[in-house]
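Residues per chain, in single letters:
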Amino acid sequence: MALDFEKQFYSKTIKFIVGCDEAGRGCLLGPVYAGAVILPEDFSCDLINDSKQLSEKKREEAYQIIVDNAIAWGVGFCTPEEIDEINILNASRLAMERAIENMNHEFDLIITDYVKMSKAKVEVIPLVHGDAKAQCVAAASILAKVSRDRVCYELDKQFPQYNIRNNKGYGTKDHLEALKKYGPIKGLHRFSYGPIKSLFIEKISLF
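Just so it is clear, the model here is predicted, and its values are computed rather than measured. (Residues numbered from 1 in each chain as written. Predicted model: local features only at pLDDT ≥ 70, side-chain atom pairs only at ≥ 80, totals over all residues. Heavy atoms only, no water.)

### A short note on the pairing of strand 4 (residues 109–112)
For step 1, the next point in the chain: Alternating positions in strand 4 separate into two faces, L109 and I111 on one and I110 and T112 on the other, with burial throughout.
For step 2, the next point in the chain: Note that strand 4 and strand 5 (residues 123–126) share 4 bridges and pair parallel. Bridging across to strand 5, L109 finds its partner in E123. (Buried < 20%, exposed > 50% of the residue type's maximum accessible area, 1.4 Å probe, protein only. Helix = DSSP H or I, 4+ residues; strand = E, 2+ residues; numbered from the N terminus. Pairing = 2+ DSSP bridges.)

### A closer look at helix 1 (residues 56–69)
For step 1, the next point in the chain: Along its 14 residues, helix 1 runs 20 Å from first to last C-alpha, staying within 8% of the 20 Å computed at 1.5 Å per residue.
For step 2, the next point in the chain: Buried within helix 1 are the following residues: R59, A62, Y63, I66 and V67. Seen from one end, helix 1 has its buried residues packed into an arc of 130 degrees, which puts them on one side. Within helix 1, the exposed residues directed more than 90 degrees away from the buried face are K57 and D68.
For step 3, the next point in the chain: Packed against the buried residues of helix 1 are strand 2 (32–38), strand 3 (72–78) and helix 4 (135–158). (Expected span 1.5 Å × (residues − 1). Arc of directions from axis to C-beta. Contact = heavy atoms within 4.5 Å.)

### Section: the nonpolar core
For step 1, the next point in the chain: Among the nonpolar cores identified, the biggest contains 34 residues, and V18 and I100 are the most heavily contacted of them.
For step 2, the next point in the chain: With 7 residues, the single largest contributor to this core is helix 3 (residues 88–103).
For step 3, the next point in the chain: The residues touching I100, leaving out its near neighbours within four places in the chain, are V18, C20, A36, F107, I110 and M117.
For step 4, the next point in the chain: Counting 29 residues, the second largest nonpolar core, distinct from the first, contains V37, L47, I125 and V146. (Core = buried A, V, L, I, M, F, W, Y, C linked by side-chain atoms within 4.5 Å.)

### A few points about the confidence of the model for the protein chain
For step 1, the next point in the chain: Considering every residue of the protein chain, the mean pLDDT works out to 94; 96% of them sit at 70 or more.
For step 2, the next point in the chain: The low-confidence segment residues 203–207 (pLDDT under 50) makes 0 contacts with residues lying over four places distant or belonging to another chain. (pLDDT = per-residue confidence, 0-100.)

### Remarks on the pairing of strand 2
For step 1, the next point in the chain: Most of strand 2 sits inside the fold, with 7 of its 7 residues counted as buried.
For step 2, the next point in the chain: The two faces of strand 2 match: V32, A34, A36 and I38 on one face and Y33, G35 and V37 on the other face are all buried.
For step 3, the next point in the chain: Of the strand pairs in this sheet, strand 2 and strand 3 are connected by 7 bridges, and their pairing is antiparallel. The partner of V32 across the bridge, within strand 3, is C78.

### Digging into the side chain of H175
For step 1, the next point in the chain: Here H175 lies in helix 6 (residues 173–182).
For step 2, the next point in the chain: H175 sits in the buried class, given a relative accessible area of 0%.
For step 3, the next point in the chain: At 3.3 Å, the side chain of H175 forms a polar contact with the side chain of H189.
For step 4, the next point in the chain: Those residues in contact with H175 that lie beyond four places of it in its chain are L28, L29, Y162, N167, G169, Y170 and H189. (Polar contact = N/O pair within 3.5 Å; in protein donor to acceptor, adjacent residues only side chain to side chain.)

Written out as structure tokens, the structure reads:
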């Protein structure tokens, strides 16, 4: 499938199209990250694809190509505490808003991976499977994923018991076992998520 959905929108009034996507919505710990990127209208790179379809090495390579060639780019995130307070959907949206703000560049249209942004001052197209249809959204997904993975490596150094380097905070078997053994950590884990909540339910039921 060609990642050229955004090409149809370029015109005299639409010159700068922002692609937005997030990474880490389903994780049990750490921040949710978002990327925002404006690519040149004539930009094309076969390596840029949905970040989930690329190996880590390829994502890092694509990340560098994006930051070297983008008209503007930015990343933003929401902390686990913010996620617990406003829920993951709103946190993902807020992370996108922060990523767009961090671009520090004008824009005429926003395309997201199916996230609505009602506060935006321009038209927003929430595209289903946007990271597999629009190159700018795929590029944003790579920025978000690589940025979050780098944070996970740092978190792994601080909390090696959870094996974050390998599971990236997802609810894998080893992560769930570590949670039962060590418990969740405030400021690291997302306490509003079911697997974390269940730990407290189990603990209460023991007394």
